[in-house]
There are 2 protein chains.
Amino acid sequence: MTRPGTSSLAPPADLDSAIERIRSHGGRVTAGKRALAELLYAEQRSLTADEIVALLGDHDRSAIYRSLAQFEELGIAEHLHLGHGQAVYRLAGLPTVPVLCSACGATFHINRSHTRAFVERVSKHTGVTLDLTHFPLTGTCQQCAATIR
Amino acid sequence: MTRPGTSSLAPPADLDSAIERIRSHGGRVTAGKRALAELLYAEQRSLTADEIVALLGDHDRSAIYRSLAQFEELGIAEHLHLGHGQAVYRLAGLPTVPVLCSACGATFHINRSHTRAFVERVSKHTGVTLDLTHFPLTGTCQQCAATIR
DNA sequence: TTCTTTGCAAAATGTTTGCAGATAC
DNA sequence: GTATCTGCAAACATTTTGCAAAGAA
């Protein structure tokens, strides 16, 4: 299975370290991979494969998927599944937890600080170490909550 | 978009109420739907479409998907996405939150009581009303945590 | 009888794979 | 020079859709 969080490497500090990491692990730094890495560092947010294709312009999808897979192995990027449809990709180790609004479909982020006590409680009571960054949480955003009732 | 938690109906108390709900909303109670509902009530857990097909025996997949969709509209069932690949389906309103172990791939459940304070905190600070039952959380189970290090 | 549902086949969606030529190192 | 990468086409896995026949109320 393709598992999130498979890489044991710490997220690289910046774009240059990421590029260097590709090379030092036997990968070739191609124009496509460099553009992809630059995009992820520039955006600092979750992007669907479609968005990546659109933002990169003339690039092959399968090459992008392969580059993203390599980035994940190298601890540079990670992907999340938003449920129905597409996954999203982003830099590894961002300090936020993605939340999908089940009413309007928008994705937003809450700071990881909110999750700490919860993660500790679950760990203490159940032995399970949660990692809330690999799948989005689901909820209703403020606007939608207001609209619905 | 196919949204989780779309139904505003409370989960039916038992199988008979579920059956009655189908009928009272203009649905026909067929042998297939009855078998599916019985299965969900008997198992009280998340099942993949494959498992459902296997457990029900000779049933058409598209009919099962359509029945599950109807059950969701009626507030009888809900589905979750475990990421790569298949979704899982289960009765609506179960008092547990699914957790996917990112190391071994197993799905288990933690009691909803653990999530209450967290949900309140996020609501207060961000305005977002989390619903943690519609997507699994991700983490590492006790065995895997022990094995890995 | 009427409207819903089934079963089958085909489409749709998002991702993965095989392979030959191009490219980084 | 050689192993990795790209681009293309085809495969894949899961879910959805169209339609005619079957079935529930």
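What you see is a predicted model, and the numbers here were worked out from it, not measured in a lab.

A. Structural detail: the environment of A:Ala35. All names here are of chain A. Checked against the element boundaries, Ala35 lands in helix α2 (residues 31–43). Residue class for Ala35 comes out partly exposed when judged on its relative accessible area of 22%. Separated by 21 residues in the primary sequence, Ala35 and Leu56 have C-alpha atoms spaced 7.1 Å apart. Non-local contacts of Ala35, meaning those with residues more than four positions away in its chain, are made with Leu56 and His59.

B. How the structure looks around the protein's contact with DNA strand C. Every one of the 21 residues lining DNA strand C counts as a neighbour, but A:Arg23, A:Tyr65, B:Arg28, B:Lys33 and B:Arg66 are closest to it. The share of sugar and phosphate among atoms of DNA strand C within 4 Å of the protein is 65%. A:Arg28 has a polar side-chain atom sitting 3.0 Å from a base nitrogen of DNA strand C. For the surface near DNA strand C, the secondary structure elements donating two or more residues are α4 (61–73) and β3 (87–91) of chain A together with α4 (61–73) of chain B. Considering each element in turn, the surface near DNA strand C owes the most residues, four residues, to α4(B).

C. Quick look at the protein's contact with DNA strand D. Around DNA strand D lies a shell of 21 residues, among which A:Thr30, A:Lys33, A:Arg66, B:Arg23 and B:Tyr65 are the nearest. Here A:Thr30 contributes a side-chain N or O atom positioned 2.7 Å from a phosphate oxygen of DNA strand D. Between DNA strand D and A:Gln70, the relevant distance is 3.1 Å, taken from a phosphate oxygen to a side-chain nitrogen or oxygen of the residue. Looking at the surface near DNA strand D, the elements that each hand over two or more residues are α4 of chain A together with α4 and β3 (87–91) of chain B. A total of four residues in the surface near DNA strand D trace back to one element, the largest contributor, which is α4(A). Across the surface near DNA strand D, the residue classes tally to five nonpolar, nine polar and seven charged.

D. Representation of the domain arrangement of chain A within the structure. Residues and elements named next belong to chain A. For chain A, the domain assignment lists domain 1 (15–91) and domain 2 (96–148). Each partner contributes to the roughly 670 Å² buried at the junction of domain 1 and domain 2, and carbon and sulfur atoms together form 57% of this total. By the criterion of area lost to domain 2, the three top residues of domain 1 are Leu80, Leu82 and Arg90, representing 60% of everything that side buries. Our count for the contact surface shared by domain 1 and domain 2 stands at zero salt bridges. There are one residue pair in polar contact (both at pLDDT 80 or more) connecting domain 1 and domain 2.

E. Inspection of the pairing of strand β2 (residues 77–81) of chain A at higher detail. Residue and element names in this part refer to chain A. Across the five residues of β2, five count as buried, placing the element largely inside the fold. Across the two faces of β2 the burial is the same, with Ala77, His79 and His81 and Glu78 and Leu80 all buried. As paired strands, β2 and β3 are joined by five bridges and run antiparallel to one another. What sits directly across from Leu80, in β3, is Val88.

Criteria and thresholds
- Residues numbered from 1 in each chain as written.
- Chains lettered and ligands numbered in written order.
- Predicted model: local features only at pLDDT ≥ 70, side-chain atom pairs only at ≥ 80, totals over all residues.
- Heavy atoms only, no water.
- Helix = DSSP H or I, 4+ residues; strand = E, 2+ residues; numbered from the N terminus.
- Buried < 20%, exposed > 50% of the residue type's maximum accessible area, 1.4 Å probe, protein only.
- Contact = heavy atoms within 4.5 Å.
- Near = heavy atom within 4 Å.
- Polar contact = N/O pair within 3.5 Å; in protein donor to acceptor, adjacent residues only side chain to side chain.
- Nonpolar A, V, L, I, M, F, W, Y, C, P; charged D, E, K, R; others polar.
- Domains from an automatic or database assignment.
- Buried area = accessible area lost by both parts, 1.4 Å probe.
- Salt bridge = Lys/Arg side-chain N within 4 Å of Asp/Glu carboxyl O.
- Pairing = 2+ DSSP bridges.

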